[in-house]
Amino acid sequence: MASLARPTLLPQCASCMRRAVQQVRSKSKAAREAERNIVVKLRRDVPRFGRAGSYIPIAPAMMRNQWFPFRIADYVTPPQLKQLKAEGVTMARDVEFGVRRTFIEEEEGGEEEVMQQRAPYVRPIEIDMLTPERSMQLLTTFVPATIDFTRQPIPHEKVETAQPRHGASDAADVLTAAAMAKKSQVESTGIYGSVSTADVAATIKLALAHNDEAARVLLSESDIRFVEGHTEGDSTRVKQLGSFKVEIQAQGAAAPITRTVRIRAKE
């Protein structure tokens, strides 16, 4: 007769069943997080992660947004990763690297030493900020004297030359022609849209991106203003063709630098 006893390996109650399900879920979650991480090679010592040259797993978003732009680590290609695994290279994070520890001797034990972590949390990444003076030096070096933009000009209506009237004086005809020519010239300088300080800031950032140190300069559209050519009461944009002076000043700097913004008609 077959035994009716339940297998001892299965959970015996509802509480045990819930605990077993939670363990399986936690393991599967950890496995999914491990699969999402990528292996990178450190270019410098990073506290709580490892020494320069170490291979560690890290979240792709952290590598893409923080570590790679600031040259903290390099990507590891799939062929390199395959070779590292074949060679048995350790690819794990060292959470105790760079953390200061103190040895406290117990009063009663005498010889026993207890390791205790000293105080607060140590930031894993320290990014050196540029001084305002250094930022202005880099801006002076890498921002060209003239920043070019092209915009579509607004076509003006062709004004037909009035037929000469009998009895009108030659002087009146000359004044009328001059006024009409001046009016047409003013109308022809208008453009569709505008060139704003945000456009200038984006162009400057592209020029700074070619140098590792210059790419760290913090510059926003509020640090730039048009000195001439802007509409009254708004120094953030220009709405006509021509060349105009702008002032660029990093936050905290003593004085700005001046550059020329040239807006030409798009052909």
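For the structure, check the block above.
Now for a description of the structure that goes with this document. (Residues numbered from 1 in each chain as written. Predicted model: local features only at pLDDT ≥ 70, side-chain atom pairs only at ≥ 80, totals over all residues. Heavy atoms only, no water.)

### Brief notes about the packing of aromatic side chains
Here is step 1 of the chain: For the structure on display, the rule yields two aromatic pairs.
Here is step 2 of the chain: Taken together, a centroid distance of 5.0 Å and an interplanar angle of 75° make the contact between phenylalanine 49 and tryptophan 67 edge-to-face. Of the two residues, phenylalanine 49 sits in the loop between strand S1 (38–42) and strand S2 (55–58) while tryptophan 67 sits in helix H2 (residues 60–67), which places them 18 residues apart along the sequence.
Here is step 3 of the chain: The class for phenylalanine 49 is buried, based on a relative accessible area of 7%.
Here is step 4 of the chain: Judged by centre distance (5.2 Å) and plane angle (55°), the ring pair of phenylalanine 68 and tyrosine 75 falls under tilted. (Phe/Tyr/Trp six-rings, centres within 6.5 Å; stacked < 30°, edge-to-face > 60°. Helix = DSSP H or I, 4+ residues; strand = E, 2+ residues; numbered from the N terminus. Buried < 20%, exposed > 50% of the residue type's maximum accessible area, 1.4 Å probe, protein only.)

### Examining the pattern of salt bridges
Once the charged atoms of two side chains with opposite charge are near each other, the side chains can pair.
Here is step 1 of the chain: Inspection of the entire model under this criterion finds seven salt bridges.
Here is step 2 of the chain: The salt bridge involving aspartate 74 is made with arginine 43; its shortest N-O contact spans 3.7 Å. In this pair, aspartate 74 sits in strand S3 (residues 73–75) while arginine 43 sits in the loop between S1 and S2, placing the two residues 31 residues apart along the sequence.
Here is step 3 of the chain: Aspartate 74 sits in the partly exposed class, given a relative accessible area of 28%.
Here is step 4 of the chain: Measuring nitrogen to oxygen at the nearest pair gives 3.2 Å for the salt bridge that ties arginine 225 to glutamate 247. With arginine 225 in strand S8 (residues 224–226) and glutamate 247 in strand S10 (residues 242–248), this pair connects stretches of sequence that are 22 residues apart.
Here is step 5 of the chain: For arginine 225, a relative accessible area of 40% gives the class partly exposed. (Salt bridge = Lys/Arg side-chain N within 4 Å of Asp/Glu carboxyl O.)

### Quick look at the sheet that holds strand S6 (residues 146–151)
Here is step 1 of the chain: Strand order across the open sheet formed by four strands is S6-S11-S10-S8, with mixed pairing between neighbours. In this open sheet, the two strands that pair with only one neighbour each are S6 and S8. The mean inter-strand angle of the sheet, taken between neighbouring strand axes irrespective of direction, is 30°.
Here is step 2 of the chain: Sheet strands touched by helix H4 (residues 132–142): S10 and strand S11 (257–265). Its angle to S11, the strand with the most contacts, is close to 35°. (Pairing = 2+ DSSP bridges. Axes fitted to C-alpha atoms, helices over the stretch in contact; angles between N-to-C directions. Contact = heavy atoms within 4.5 Å.)

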